[in-house]
Amino acid sequence: MADQTIYTVVVADDEDELRQAVCTMIPWEELGFHLVGNASNGLDALELVEKLEPDLLLTDIRMPFISGIELARQVREIRPAMHIAFLSGYDDFEYAKQAIQYNIISYMLKPLTMEGLATELRGIHEKIDRQFAAFQQQLNAAAAQTGRDEFLVPLVLDGHAELPAHDTEFHLRADACRCGLLRGADDHPQYVVLTTSLYDEQGNNCTLPTFVHVIETLAGKYLRHAVFCSPGRVVAVLMGNASDFEEYLHILAEEILQTAHRVLGRRGSVGVSRRTDRLGGLHAAYREAVEAAGFTPSEEGGVQFITDVHRGTPAAVEAVTACLEEVKAAFRAGDRDALCAGLSRMCSQQPGESTGPWLDAVAIQLMAEVYRVLEAGAGPEALNELDRRGLLPDLSFHYRNAGELRQALQDLCLGAMDQLSTQQKKGGSLLCQKALAAIDEHYMDKDLSLVSLSAMLDVSPNHLSACIKKYAGETFINILIGKRMDAARELLMTTSLKIQQIAARCGYTDQHYFSYCFKKYCGTSPNALRRQQGAKQ
């Protein structure tokens, strides 16, 4: 069918004859699929998923090295929006339960004829179509939420300046219980604010209020949530305990991006705040999420956690004029033209004859923002560099007019932006270097993963994965396997340890899995390498 959506698929099965039959005898294109790869074991399947990013993985549930269940778990970390269908020769309730846990779209029992598999694939295609259609319908549906939004929206966007200082959190919790946000007096979740904006090919913000329903659907799989729309972004207040956020937050953020791209054809920019245990902290968390998203270029999209770009606890943001906020936003986004234009408008707005104190106050607020962002993103040395260039002393309030101040502020901001750009490149490279050093140190740990490595380095898995790919030119999985194989080769050639002992020292509990990886990476088996080494000696 000409208007049929084509979904990409990877097939994984350790039975070579069956796998080849599935790959060659199924009319993939006719069924609405495009076969992009196949694998004979879970390890190769995982590498293909990370490299090819298919819409569907059709996999045997029992395979060498990495089982279908473990494959599903690891795939969810890197491609949470991808669908998985299991082929199994075991009509086992425990397998089925685990399949449900990983959102498996189909659980098929062997033996299965090619006609039967084609029928199942047709049904899978229809399920994916229905899911995509549901997202589209949600975008066209208007849902008016009352009560909860009336409480939550102003709290998140505006803070609670009108509330009495005493017992503020007590009153907020009482209101949250009344509107159903909290389940009762004993409900004490932690909160994270996540913001999402969508951009078209030209970099224009095209976030629609109805995207709220897509975020609600995705968040509902992982965390309690309340979602609403503000101009240019969808705001999600996520609730859970510490382990919930550690396990699911980075997965949800990545799934939002993948869904926006695959279903809507839009690039997404997702900002994620720190955790807070206070309702009164939601406004500060919202500002953090917006700030984090500001470090994600609209033409590229991506996920940015505030902890990846700003480690310290940010000071409360002063209330400033719209022009000053515009200048701050342009500075954070690295938009030089918008910054210069905003400074011109800001310095031309002089409220009355006594302009000196007003301009001083504006300069102090902007300098504070530049200092804060520059120190967080590039470190104290960047401030010293601006001082060496003579930019800081020029802002000692010895200017003669607003135009002179505008030029001094512009020089400061543009100089700081140059420093940030340079340091962010160095910072990403430095993080990659730290990651590679950590892999060198911990490759023997059988449980080493992208998630555990990101926890060691105190960054999100999303940020770490992107840095490794960008600066090392390879995925985390391939780098880890390469390090383990290099270490194994050294041990094989310089020690008399048994193969099983070498496998254990290199992070493998399964000797056969280790031998497979070694032969794939080195082109020869461990035993053959030892025989070759012995012959040379």
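Residues numbered from 1 in each chain as written. Predicted model: local features only at pLDDT ≥ 70, side-chain atom pairs only at ≥ 80, totals over all residues. Heavy atoms only, no water.

### Thoughts on the overall build of the protein
Keep this limit in mind: A run of H or I in DSSP becomes a helix once it reaches four residues, and a run of E becomes a strand once it reaches two; helices and strands are each numbered from the N terminus. Exposure classes here rest on a 1.4 Å probe applied to the protein chains alone. A residue is buried below 20% of its type maximum, exposed above 50%, and partly exposed in between. Per-residue and other accessible areas follow the Shrake-Rupley method at a 1.4 Å probe size, with only the shown protein chains counted as cover for residues.
Helix and strand counts for the protein come out as 23 helices and 10 strands. By the burial criterion, 48% of the 537 residues in the protein qualify as buried. By element, 50% of the accessible surface of the protein is carried by carbon and sulfur atoms, the whole surface being about 25,700 Å².

### Examining the environment of L430
Take L430: it is sitting in helix 17 (residues 402-442). A residue is classified by how much of its surface remains accessible, and L430, at 41% relative accessible area, is partly exposed.

### Here's the deal with the sheet that holds strand 1 (residues 7-12)
We count it as follows: Strand pairing is assigned whenever DSSP identifies at least 2 bridges connecting the two strands. Axis lines are fitted to C-alpha atoms, over the contacting stretch for helices. Their N-to-C directions set the angle, which ranges from 0 to 180 degrees. Whether two residues touch is decided by their heavy atoms; if any such pair falls within 4.5 Å, the residues are in contact.
The parallel open sheet is built from five strands, whose spatial order is 2-1-3-4-5. The open sheet terminates on both sides in strands that have one partner only, identified here as strand 2 (33-39) and strand 5 (106-109). Taking each pair of neighbouring strands and ignoring which way they run, the sheet shows an average axis angle of 20°. Two elements, strand 1 and strand 3 (residues 56-60), share four bridges in a ladder whose sense is parallel. Of the residues in strand 3, the one forming a bridge with V9 is L56. Packed onto the sheet, helix 1 (residues 16-25) meets strand 1, strand 2 and strand 3 and runs at close to 160° relative to strand 2. Contacts from helix 3 (residues 42-52) reach strand 1, strand 2 and strand 3 within the one sheet, and its direction differs from that of strand 2 by about 140°.

### Side note on the packing of helix 18 (residues 450-457) against helix 19 (residues 461-472)
For clarity, the threshold we go by: In this scheme, roughly parallel covers angles under 35 degrees and roughly antiparallel covers those over 145, while 65 to 115 is roughly perpendicular and the rest are oblique.
As a packed pair, helix 18 and helix 19 sit with axes 9 Å apart at the nearest point and diverge in direction by 100°. Judged on the interaxial angle alone, helix 19 and helix 18 are roughly perpendicular. Judged by residue contacts, L450, V451, L453, S454 and L457 of helix 18 engage P461, L464 and S465 from helix 19.

### With respect to the layout of surface pockets
As a reminder of what qualifies: Definitions used for this entry: grid spacing 1 Å over protein atoms alone; cavity, a set of points where a 1.4 Å probe fits but cannot get out; pocket, an open set with protein on both sides within 12 Å along at least 5 of 7 lines; lining residue, one with an atom within 4 Å of a point. Grid points are joined across faces, edges and corners, and a volume is the space filled by probe spheres set on the points. Classes in brief: Ala, Val, Leu, Ile, Met, Phe, Trp, Tyr, Cys and Pro nonpolar; Asp, Glu, Lys and Arg charged; the others, Gly included, polar.
If you add up the space inside the second largest pocket, you get close to 710 Å³. Along the wall of the second largest pocket there are 26 residues; nearest its centre are E70, R73, Q74, K446 and L448. Within the residue set of the lining of the second largest pocket, elements represented by two or more residues are helix 3, helix 4 (68-78), helix 18 and helix 20 (476-494). In the lining of the second largest pocket, the residues fall into 14 nonpolar, four polar and eight charged.

### Points about the pairing of strand 7 (residues 224-230)
In terms of residue burial, strand 7 counts as a mostly covered element, since five of its seven residues are buried. In textbook terms, the turn of a hairpin is the stretch between consecutive antiparallel strands, and for strand 7 and strand 8 (residues 233-240) this stretch comprises two residues, one of which, G232, has a positive phi near 85°.

### Things to note about unusual backbone geometry
A cis geometry characterises the amide bond from K110 onward to P111, with omega recorded as -5°. In this fold, P111 is placed in the loop between strand 5 and helix 6 (114-139). Positive phi outside glycine occurs at E53, with the angle close to 50°. Looking at where E53 falls in the secondary structure, it is placed in the loop between helix 3 and strand 3. Assessed through its relative accessible area of 41%, E53 is described here as partly exposed. At D458, a residue that is not glycine, the phi angle is positive and equals roughly 60°. Here D458 shows up in the loop between helix 18 and helix 19.

### Examining the sheet that holds strand 7
The five strands are arranged 7-8-6-9-10 in an open sheet whose pairing can be described as mixed. Of all strands in the sheet, those with a lone pairing partner are strand 7 and strand 10 (302-305), marking the two edges. Across the sheet, the mean angle from the axis of one strand to that of its neighbour is 20°, orientation sign disregarded. Pairing analysis gives four bridges linking strand 9 (residues 267-272) to strand 10, with the strands arranged parallel.

### Structural notes on the pattern of salt bridges
The condition that has to hold: Basic side-chain nitrogens of Lys or Arg form a salt bridge, by our definition, when they fall within 4 Å of a carboxyl oxygen of Asp or Glu.
Counted under the stated rule, the structure contains 20 salt bridges. Between D44 and K520 there is a salt bridge; the shortest N-O distance is 2.3 Å. With D44 in helix 3 and K520 in helix 22 (residues 511-522), this pair connects stretches of sequence that are 476 residues apart. By relative accessible area, D44 is classed as buried at 14%. Here R336 and D418 are joined by a salt bridge, their closest N and O atoms 2.9 Å apart.

### Examining helix 22
Working note: α-helix, 3.6 residues per turn, so residues spaced by three or four point in the same direction. Convention followed: Each helix should span, by expectation, one fewer than its residue count multiplied by 1.5 Å. In this description, the arc belongs to the directions extending from the helix axis to the C-beta atoms. Nitrogen and oxygen atoms within 3.5 Å of one another constitute a polar contact, given that in protein one can donate a hydrogen and the other can accept it, and given that sequence-neighbouring residues count only through two side-chain atoms.
In this model, helix 22 (12 residues) spans 16 Å end to end at C-alpha, consistent with the 16 Å of a helix rising 1.5 Å per residue. Along helix 22, the residues that are buried comprise Y513, F514, C517 and F518. Buried residues along helix 22 cover an arc of 130° about the axis, so they all sit on one side. Opposite its buried face, helix 22 presents the exposed residues H512 and K519, each directed more than 90 degrees away. Structurally, the start of helix 22 carries an N-cap: the backbone nitrogen of H512 is 2.8 Å from a side-chain oxygen of D510. Just downstream of helix 22 lies G523, where phi reads positive at about 85°.

### Comments concerning the confidence of the model for the protein
Low pLDDT marks stretches whose predicted atomic positions should not be read closely. Put simply, the test is: Predictor confidence is given residue by residue as pLDDT, running from a minimum of 0 to a maximum of 100.
Summing up the model confidence of the protein, the mean pLDDT is 83 and the portion of residues at 70 or higher is 84%. Counting interchain partners and residues more than four positions distant, the pLDDT-below-50 stretch residues 141-146 has six contacts. Overall, residues 351-355 carries pLDDT values under 50, and its contacts beyond four positions in sequence, including any with other chains, amount to two contacts.

### What to know about the nonpolar core
Stated precisely, the cut-off is as follows: The set of buried Ala, Val, Leu, Ile, Met, Phe, Trp, Tyr and Cys residues whose side-chain atoms join them within 4.5 Å is what this entry labels a nonpolar core.
Judged by nonpolar contacts, the single largest core of 55 residues is most densely connected at L57, L453, L464, F476, Y508 and F514. Ranked by residues supplied to this core, first place goes to helix 20 with 10 residues. In contact with L464, other than residues within four places in its own chain, are L431, A435, L450, L453, S454, L457 and V459. The next biggest cluster of nonpolar side chains, apart from the first, holds 52 residues, and it includes V9, L194, L238 and A260.

### Observations concerning helix 20
Counted at 1.5 Å a residue, the expected span for helix 20 with its 19 residues is 27 Å, and the 27 Å between its end C-alpha atoms agrees. Buried within helix 20 we find F476, I477, I479, L480, I481, G482, R484, M485, A487, A488, L491 and L492.

### Description of the packing of helix 4 against helix 10 (residues 242-264)
Direction vectors running N to C along helix 4 and helix 10 enclose 65°, while the axes themselves pass 8 Å from each other. Here helix 4 is positioned roughly perpendicular relative to helix 10, judged by the angle of their axes. Only E247, Y248, H250, I251 and Q258 of helix 10 make contact with helix 4, whose side of the interface consists of R76, E77 and I78. When the residues that make up the contact of helix 4 with helix 10 are grouped by side-chain class, the tally is three nonpolar, two polar and three charged.

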